[in-house]
Each structure stands twice: as C-alpha cells, then as structure tokens.
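The primary structure of each chain is shown beneath.
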Amino acid sequence: MNAFPWLSTLWLAPAIGAAAVLLVPAGARTIARGLALAVSLGVLVLAVVLVVRFQPGADQFQFVESHEWIPAFGVGYTLGLDGIAAALVLLTAVLVPLLLLAGWRDDEQTAGGPHTAHTYMALMLLVESMVLVSFVALDILLFYIFFEAMLIPMYFLIGGFGARSDDPAVRARRSRAAVKFLLYNLFGGLIMLAAVIGLYVLTARADLGADGAGTFDLRAIVEAVSTGQLGGSAALLNALFLGFLFAFAVKAPLWPLHTWLPDAAVSATPAGAVLMMAVVDKVGTFGMLRYCLLLFPAAASTYAPLVITLAVIGIVYGALLAIGQTDVMRLIAYTSISHFGFIILGIFAMTTQGQSGATLYMVNHGLSTAALFLVAGFLVSRRGTRMIDDFGGVQKVAPVLAGSFFVAGLATLSLPGLAPFVSEFLVLIGTFSRYQVAAVIAATGLVLAAVYVLWLYQRMMTGPLKQGNEHVRDLVPRELAVVVPLLAALVFLGLYPKPVLDLVNPAVSQTLSTIGKQDPAPKVPAPEAGAVTTPGTGHR
C-alpha cells in the first residue's frame, strides 16, 4: 500500500482535465486546446515518475491501492502496476500529447458549434483516462467497466470528427464505420461479460470472497488457480477462456475479427486513428497477457495452436492486403493487422523471448504506427486526397516530410537499427523454439512488409513531380514537434532496447512461472555412434 494514490491520480488527471476543458468559455478554442495539452503533459510527467520509481524484480504489483467498492458482490477498487503495464502506461502518456498536437485543428473540419474544439480535446483525454485505468486495474469487474466504457468516446471521435469531406456518401461511410466499430466491440464485450459472471460464480463456489460471496480480485483468483482451489471442469474453464479471448481478439484485432479496423482508421482523423490503433487496441493484447493466460493457463495451452494459427494468417493476410491497397491510409491500417498478428504470436508462444518481444512490440508498434500514420495524414491534408496514384515526386518539394515518411516506413518493415526489428526478432526466435512452422511462415511477413513499404514510398515520394503536388508544403514546426520525438524514440529503442526489456522481463518471467511454463530446452543432436568427443566440449 502507498500513502499517496499514484495510480488513481494517473487516470483521474485526464478525466478531470476533460471536464475542465469543457468548462472553458465557448469562444476560447486556443485556451481549450492548450489546457488539454497541458493536462496530457502533466500525465506524462506522472507516468515518468511512476516508471522511474518502479522496481523491476521486486513485488510483481507495485503502487497498489485497494478499497472496498461493492463488498456484497466482492467488487473492489484495486489498482496495481507491473512491468508490462508500466511500459504501456508510458507509451500512452507519451503518445497522447503528441496526438493532441498533431490534431491541433482537427475539430475545424467538422461543422460543429463553438464548443467543437472543447469536445474533441475532451474526448481524447477521456479515452486516455479509460485506457490508463484498464492497464492498472486489478479488479476484473473494474477492468471490464472501463474496457467497455472507452468505446463511447472513441465512437464519437470516429463518427463525429472524421476526415473532412462535403460528400454525403463519405459522411455516411464515416457514420457506418463508427457504428461498425461500436457494434463489433460491444458484442465482444457482452461475450466477455458472460465469462466474467461465470468466473465470479466459480469464485463463490470456491469461497474466495467474504461471507460466502465471490470475488473479482485478480490476485486472489490467480492464486486460487495456481493452487487448484478455484475448481471447475476443463470444459467450463475452456468456455470462460474463450469468452475473454473473443473480446480481446475483437479489440486487438485478430483475424478474422479485424474487419472493423480499416474502415474506422480511414474514417477517423489521423490523430484519432492513431489513438485507436496505437493505444486503445493495445488493451486487447494486454488483456490476453494478463487475463487469458493468468486466469486460464490450461485452456490457454489447449487453444494456443489455434490462436497461433490465426495470428500467422493475420500476419500474411494483413501484409498481402496492404500490398494491394490504393488508399495510403487504408494501407497503413492493414499493416497494423499484420503487426498485431506478431504480437499475439509472441504472447501465445509462451516463451520468455516471445512474450518479452510481444510486450516490446506493443510499444514499438505504437511508435512506428503513430509516426507513419501521422506523416501520411499531414501529406493527405495538404493534397486533399488519400489515393496513392495522385502522389509522386513529393520528395522534390517536401524533402523533410518525405524523409520522415521513409524512416517511419523502414521502422514499419522492421529494418535492423530501428525499434520494431528487436521486438519482431524476439517474437520469431521465441516462437521458433516451440512452433517452428509457424515462425517460418510468420517470417514471410518481413519480406511482404518490405514490398508494401518500399513500393508505397516509390510511388508517392520518388519519380517526376505529378501535377497537383507542386504546392505541397514541407513539415511546419508544430508537425516537426510531433514527428521528431517519435523518430528519435524509434532509433533509440532500435539501438538500445534494454530500458524497456529490463522493465518487462521480470513481469514476463512471473507470468510464465505462474502458468507453469518453461522455455523449451535447446535440442542438441546426439553424437554419431563410434564418434569420440572431447569431455566438456561436445567436439569430436
């Protein structure tokens, strides 16, 4: 227990900030935007303090806060931070101020009232608040409430503040994309709710709560699972596991539950799309690590081959569809489906390298996707079109923009020296030690990524300057303030990923120990009959 409520302050600050932004006078748009940015920077400072004070290798959950909420039903307000959550909290806190800066005038493309800027900024802060509490919640019902609640502000960001267009058909597609996003995720959440209730009934039967009630305390349930106290038939536990997995697979998303993502990504503003893909969707993969594996280790092992198969299909499928796109923003959205396949592959490989790589991949994907999508968004806003064939020769008139796009693209294809390479390499190595065929097929995603990134750059940035691109401006200082930190982080973590790995490795080891998984022993070929070996070396 801590005297100061660090984690409550962390998620309440942006929520209170959102309310404060809405109270700013209607005509003071600049003040509303500045206040939102200041709040997000304050959250970043708080997140940095938490990560610096966090002690890897000490208690698994630190800065724990625990209070009764609805004791009759075993519901508590319980928060705690482990290494995996700490990395994702920091990613969220870093990205949100950059997204607010990138989308500084996004509200102006919506025909709204005088409070439009206030609403847009408040919704961004509200999403940040709900994501943060999802990462630190140690009560399953508390997690579920915010897991579902974050859909509402995200729905309005997609449907109410989408890409600029006076075409009614485009506006109708934007509305449909927002509804599709909401319905897919709500349906996944309803399936999860049934599983949460079923798990609560099991805890009541096991007498884990007070006065014969059940409990939603994650730590108590995991302990009961480890000791066999929870009980329940294998069929029931498998069904509960699938309920949790389905909701997280929709959120992540995992093929074939991915179809809402490309439509939502191209319908939202670039900042809103990055918030969804780089921040909100990480709650899905985080949930797989924290809830699917820890609560249902036997079921997770049973269904791991199936999940890995779907992840590999997603890797190849997403890359192939990205190659065939004519819309630059839709192309980048499909790359995220491929990247989420790598993350899920590493999680369910259930090896130290695989899960460390998957967690690092969550961070690196957030940075690389933010960089590529935002730079592409800056370009699209200048040109007024998303069609790849409308571009060409942009590097002649906007060399800094083209160079930033190139570096972000190289990060997306996992070039050595940039951050995603380290995480992708760890995922493949960790997977190969247990699922060789899956790792080999997944590795083709690297080749396909090189195809769609380099071909995209060639068509848009090189060659003769196409008509209509003559007046494309280069990046302005506000846009450079967004892009430069992202590219710097990609280079830094590509050359020196140790700070993040030191943060997450103890948590990964704790997870594997809790579920009773060990890394496969290296296979050393037996010496041939009659061969003489040197003692202690294995050499003939």
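The structure reproduced in this document is the subject of the present report. (Residues numbered from 1 in each chain as written. Predicted model: local features only at pLDDT ≥ 70, side-chain atom pairs only at ≥ 80, totals over all residues. Heavy atoms only, no water.)

Points about the nonpolar core
Stage number 1. Core analysis: the biggest nonpolar cluster contains 205 residues, and Leu81, Phe244, Met276, Leu295 and Phe348 have the highest contact counts within it.
Stage number 2. Here this core takes 16 residues from helix H15 (residues 352–383), the largest share from any one element.
Stage number 3. Sequence-distant contacts of leucine 81, defined by excluding residues within four places in its chain, comprise Leu7, Leu50, Phe54, Gln60, Phe61, Gln62, Phe63, Ala86, Val89 and Val136. (Core = buried A, V, L, I, M, F, W, Y, C linked by side-chain atoms within 4.5 Å. Buried < 20%, exposed > 50% of the residue type's maximum accessible area, 1.4 Å probe, protein only. Helix = DSSP H or I, 4+ residues; strand = E, 2+ residues; numbered from the N terminus. Contact = heavy atoms within 4.5 Å.)

Considerations on the packing of helix H11 (residues 270–280) against helix H12 (residues 282–295)
Stage number 1. For the pair H11 and H12, interaxial distance at closest approach is 5 Å and the crossing angle is 10°. Between H11 and H12, the interaxial angle falls into the category roughly parallel. For the pair formed by H11 and H12, the contact residues are Met277, Ala278, Val279 and Val280 on the first element and Lys282, Val283 and Gly284 on the second. (Axes fitted to C-alpha atoms, helices over the stretch in contact; angles between N-to-C directions. Parallel < 35°, antiparallel > 145°, perpendicular 65-115°, else oblique.)

Comments concerning the pairing of strand S1 (residues 62–70)
Stage number 1. With six bridges joining them, S1 and strand S2 (residues 75–81) adopt antiparallel strand pairing. Pairing of isoleucine 70 across the sheet is with valine 75, part of S2.
Stage number 2. The hairpin formed by S1 and S2 contains four residues between the paired strands, and glycine 74 there has a positive phi angle of roughly 70°. (Pairing = 2+ DSSP bridges.)

Describing unusual backbone geometry
Stage number 1. Along the chain, alanine 252 connects to proline 253 via a cis peptide bond; the corresponding omega equals -5°.
Stage number 2. By secondary structure assignment, the location of proline 253 is in the loop between helix H9 (234–251) and helix H10 (260–267).
Stage number 3. The linkage connecting tryptophan 255 with the following residue, proline 256, adopts the cis geometry, with an omega of 5°.
Stage number 4. Relative to the helices and strands, proline 256 is located in the loop between H9 and H10.
Stage number 5. With a phi angle near 60°, phenylalanine 63 is a residue other than glycine that sits in the positive phi range.
Stage number 6. Summarising the element assignment, phenylalanine 63 is placed in strand S1.
Stage number 7. Of note, serine 414 is a non-glycine position whose phi angle comes to about 65°, a positive value.
Stage number 8. With respect to the helices, strands and loops of the structure, serine 414 is situated in the loop between helix H17 (399–412) and helix H18 (419–432).

Notes on the pattern of salt bridges
Stage number 1. Applying the stated rule across the entire model yields seven salt bridges.
Stage number 2. Residue lysine 180 is joined to aspartate 263 by a salt bridge in which the shortest nitrogen-to-oxygen separation is 3.3 Å. In this pair, lysine 180 sits in helix H7 (residues 168–205) while aspartate 263 sits in helix H10, placing the two residues 83 residues apart along the sequence.
Stage number 3. In this structure aspartate 263 comes out as partly exposed when scored by relative accessible area, which is 23%. (Salt bridge = Lys/Arg side-chain N within 4 Å of Asp/Glu carboxyl O.)

So, the layout of surface pockets
Stage number 1. By volume, the second largest pocket amounts to about 440 Å³.
Stage number 2. As for the second largest pocket, its lining consists of 18 residues, and the residues nearest its centre are Leu90, Val94, Val363, Leu493 and Val500.
Stage number 3. Taken together, the elements giving at least two residues each to the lining of the second largest pocket come down to helix H3 (83–102), H15, helix H20 (477–495) and helix H21 (498–514).
Stage number 4. In terms of residue class, the lining of the second largest pocket is built from 17 nonpolar, no polar and one charged. (1 Å grid on protein atoms, 1.4 Å probe; cavity = no way out; pocket = protein on both sides within 12 Å on 5 of 7 lines; lining within 4 Å. Points joined across faces, edges and corners; volume = space filled by probe spheres on them. Nonpolar A, V, L, I, M, F, W, Y, C, P; charged D, E, K, R; others polar.)

Topic: empty space enclosed by the protein
Over the atoms rolls a probe the size of a water molecule, and in doing so it shows where empty space is left.
Stage number 1. Throughout the structure, instances matching the rule amount to three cavities of 30 Å³ or more.
Stage number 2. Taken as a whole, the largest cavity spans an internal volume of roughly 60 Å³.
Stage number 3. Taken together, Gln60, Asp82, Ile84, Phe286, Leu289, Arg290, Leu294 and Thr511 form the lining of the largest cavity.
Stage number 4. A breakdown of the residues in the lining of the largest cavity according to their chemical character gives four nonpolar, two polar and two charged.

Section: H12
Stage number 1. Helix length check: H12 (14 residues) gives 19 Å between terminal C-alpha atoms against 20 Å at 1.5 Å per residue, within 8%.
Stage number 2. Taken as a whole, H12 carries its principal kink of about 35° at methionine 288.
Stage number 3. Judged by how many residues are buried, H12 sits mostly within the fold: 14 of 14 residues are covered. (Expected span 1.5 Å × (residues − 1). Bend = angle between axes of the 7 residues up to and from the residue.)

Examining the environment of lysine 466
Stage number 1. In this structure, lysine 466 sits in the loop between helix H19 (436–461) and H20.
Stage number 2. Note on lysine 466: relative accessible area 36%, which makes it partly exposed.
Stage number 3. Separated by 72 residues in the primary sequence, lysine 466 and valine 394 have C-alpha atoms spaced 8.3 Å apart.
Stage number 4. Those residues within four positions of lysine 466 in sequence are excluded, and the remaining contacts are Asp389, Asp390, Phe391 and Gly392.
Stage number 5. For lysine 466, the side chain forms a polar contact with the main-chain oxygen of aspartate 389, separated by 2.6 Å. (Polar contact = N/O pair within 3.5 Å; in protein donor to acceptor, adjacent residues only side chain to side chain.)

Brief notes about the side chain of glutamine 62
Stage number 1. Mapped onto the secondary structure, glutamine 62 falls in strand S1.
Stage number 2. Take glutamine 62: its relative accessible area is 10%, and that puts it in the buried class.

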